[in-house]
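# An overview of the molecular structure
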Amino acid sequence: AGVPASEGTVDAVAGANGNTDLTVRVKHLALANRLASDAQLYVVWVQPLNVAPQNVGVMTLDDSLVGELKTSTPHRNFTLLVTPEPNGQMNKPSHDPVFTATVQRAD
């Protein structure tokens, strides 16, 4: 709701050792501090069913408000969240997500 012009995609493919390789891309995303006064960046989270969200990395935006994060997770099925956060070491989300996606890797 706070970022109506933004767009996001998630690519999830089989990676090494049974992991899932993720590429998360966003465009036209507002600067994090415009959505939450204490936020400086965006954190990407993986949340398997019935498990707390896990911080998988920081996605920073360039001058064109485009961001990308490439990472891996051992999970095949999960919800992916992107939240504005004060720092990249957060152990749980402190703000509502600006993006969510359900990932079910079938291969």
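In what follows, the structure referred to is the one given above.
Computed from a predicted model, the values in this text were never measured in an experiment.

Scoring rules and cut-offs
- Residues numbered from 1 in each chain as written.
- Predicted model: local features only at pLDDT ≥ 70, side-chain atom pairs only at ≥ 80, totals over all residues.
- Heavy atoms only, no water.
- Helix = DSSP H or I, 4+ residues; strand = E, 2+ residues; numbered from the N terminus.
- Buried < 20%, exposed > 50% of the residue type's maximum accessible area, 1.4 Å probe, protein only.
- Contact = heavy atoms within 4.5 Å.
- Core = buried A, V, L, I, M, F, W, Y, C linked by side-chain atoms within 4.5 Å.
- Pairing = 2+ DSSP bridges.

## Quick look at the environment of Thr9
Along the chain, the position of Thr9 falls in strand E1 (residues 7-14). By relative accessible area, Thr9 is classed as partly exposed at 41%. For the pair Thr9 and Lys70, spaced 61 residues apart in the sequence, the C-alpha separation amounts to 12 Å. When residues no more than four places from it in sequence are discounted, the contact partners of Thr9 are Thr23, Val24 and Arg25.

## As for the nonpolar core
Among the nonpolar cores identified, the biggest contains 19 residues, and Tyr42, Val44, Met59, Leu80 and Val82 are the most heavily contacted of them. Within the second largest apolar cluster, 5 residues are counted, among which are Leu41, Val43, Trp45 and Met90.

## Brief notes about the pairing of strand E6 (residues 77-85)
Most of E6 sits out of view: 7 of its 9 residues are buried. Looking at chain direction, strand E3 (residues 41-47) and E6 are connected through 7 bridges and run antiparallel. Across the sheet, residue Val46 finds its bridge partner in E6, namely Leu80. Bridge count for E6 against strand E7 (residues 99-104) is 6 bridges, and the pairing is antiparallel. Bridge pairing in E7 links Asn77 to Gln104.

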